[in-house]
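# Close look at the chain arrangement
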Amino acid sequence: MTKDADSVTKRRIGVLALQGGFEAHERRLTELGHEPLRVRYAAQFSELDGLILPGGESTTHLKLIALEGLGPALEAFVATRKPVLATCAGLILSAKTVTGPAQASFGFLDVAVRRNAWGRQLDSFEAVADDSDVPLTFIRAPRIESVGPGVEVVLRYHGEPVLVRSGVFFGATFHPELTTDVRVHRQVFGGALNAATSAR
Ligand code: GLN
């Protein structure tokens, strides 16, 4: 995994906190010296230097985003090209196309994903990336079935893309927040502390 430039300034990073796994993301951000902020209202987006769209249940996320009227503020934030990390359900929301079953999405990342695509026995599992020792935790994870021309594959597992990026927008099928390895968060947001970059 390539390393992006480390930032030295503390950043305020929003974590969409409507449902799902936002707390563990907050811990990883704090370990890197950033300030996490739970995002629940449209007005909060203007305060952010970066954003995490966490895992959870993507259908529920879609409903709550619509109910709270957050869609336009989210789209406007992404258009500012500040760093975003979308994990699991967050990636599903961000994909251009979603199958298994099909559902609406924002299309921030030019990828096609299939929901819950690892099969029953593999509902949840731990693995390690193909060409790096970054730990991968999959929970009812989607699979990235195709990537568009502007999308770079950062990490693969069994040859399939599991972490991709389009500029500053990153999408992971796994949950980087569920281990103490902060490398993925550091790659997206930089680090404000000289926190160890490898697993502890
Ligand atoms: N299977 C969930 C969905 O389709 C995603 C699972 C997760 O975020 N851990 O929304």
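So, how was this worked out
Residues numbered from 1 in each chain as written. Predicted model: local features only at pLDDT ≥ 70, side-chain atom pairs only at ≥ 80, totals over all residues. Heavy atoms only, no water. Near = heavy atom within 4 Å. Polar contact = N/O pair within 3.5 Å; in protein donor to acceptor, adjacent residues only side chain to side chain. Areas by Shrake-Rupley, 256 points an atom, 1.4 Å probe, with all protein chains shown as cover. Nonpolar A, V, L, I, M, F, W, Y, C, P; charged D, E, K, R; others polar. Pairing = 2+ DSSP bridges. Helix = DSSP H or I, 4+ residues; strand = E, 2+ residues; numbered from the N terminus. Axes fitted to C-alpha atoms, helices over the stretch in contact; angles between N-to-C directions. Buried < 20%, exposed > 50% of the residue type's maximum accessible area, 1.4 Å probe, protein only. Contact = heavy atoms within 4.5 Å. Phe/Tyr/Trp six-rings, centres within 6.5 Å; stacked < 30°, edge-to-face > 60°. Lys NZ or Arg CZ within 6 Å of the ring centre and 35° of its normal.

The next thing to look at is the site of the ligand. With respect to spatial proximity, the complete set of residues near the ligand consists of Gly-55, Gly-56, Glu-57, Ser-58, Cys-88, Ala-89, Ile-92, Arg-115, Asn-116, Ile-139, Arg-140 and His-175. At 2.5 Å from a nitrogen atom of the ligand is found a side-chain nitrogen or oxygen belonging to Asn-116. Ile-139 places a polar main-chain atom, nitrogen or oxygen, 3.0 Å from a nitrogen atom of the ligand. Burial of the ligand by the protein amounts to 96% of the accessible area it has alone, namely 300 Å². In the shell around the ligand, the residues fall into four nonpolar, five polar and three charged.

Another point: the sheet that holds strand S5 (residues 95-99). A sheet is described by the order of its strands in space; here three strands give the open sequence S5-S6-S9, paired in mixed fashion. What marks the edges here is a single partner per strand, and that holds for S5 and strand S9 (143-147). If you compare each strand with its neighbour and ignore which way they point, the axes differ by 25 degrees on average. Of the strand pairs in this sheet, strand S6 (residues 109-114) and S9 are connected by four bridges, and their pairing is antiparallel. Bridge assignment links Val-111 to a residue of S9, and that residue is Val-147.

Moving on, we come to the sheet that holds strand S3 (residues 50-53). Spatial ordering of the open sheet is given by S2-S1-S3-S4-S12-S11-S10, a layout of seven strands whose pairing is mixed. Of all the strands in the sheet, the pair left with one neighbour each is strand S2 (35-39) and strand S10 (152-157). Going from strand to strand, the sheet's axes swing by 20 degrees on average, the running direction of each strand aside. As defined by bridge partners, strand S1 (residues 12-16) adjoins S2 across five bridges and the pair is classed as parallel. Bridge pairing in S2 links Leu-16 to Val-39.

This part takes up helix H1 (residues 23-31). All of the buried residues along H1 are Ala-24, His-25, Glu-26, Arg-28 and Leu-29. Against S1, S2, S3, strand S4 (84-87) and helix H5 (183-189) lie the buried residues of H1. Gly-33, located one to two residues past H1, shows a positive phi value of around 90 degrees.

Moving on: the environment of Tyr-41. Secondary-structure assignment places Tyr-41 in the loop between S2 and S3. Given the relative accessible area of 55%, Tyr-41 is considered exposed. Sequence separation between Tyr-41 and Ala-73 is 32 residues; the distance between their C-alpha atoms is 9.0 Å.

Quick look at the packing of aromatic side chains now. Here the structure, examined in full by the defined rule, presents ten aromatic pairs. With centroids separated by 4.6 Å and ring planes inclined at 20 degrees, the aromatic side chains of Phe-125 and Phe-138 adopt a geometry described as stacked. A residue pair is termed long-range when its members are at least 10 positions apart, and Phe-125 in strand S7 (residues 124-128) and Phe-138 in strand S8 (residues 135-139) qualify at 13 residues. Across this residue pair, the class does not change: Phe-125 and Phe-138 are buried. Put simply, the rings of Trp-118, Phe-125, Phe-138, Tyr-157 and Phe-174 touch in pairs and so form one group of aromatic residues. If you follow Arg-143 out to its NZ or CZ, it ends over the ring of Trp-118, 3.8 Å from the centre.

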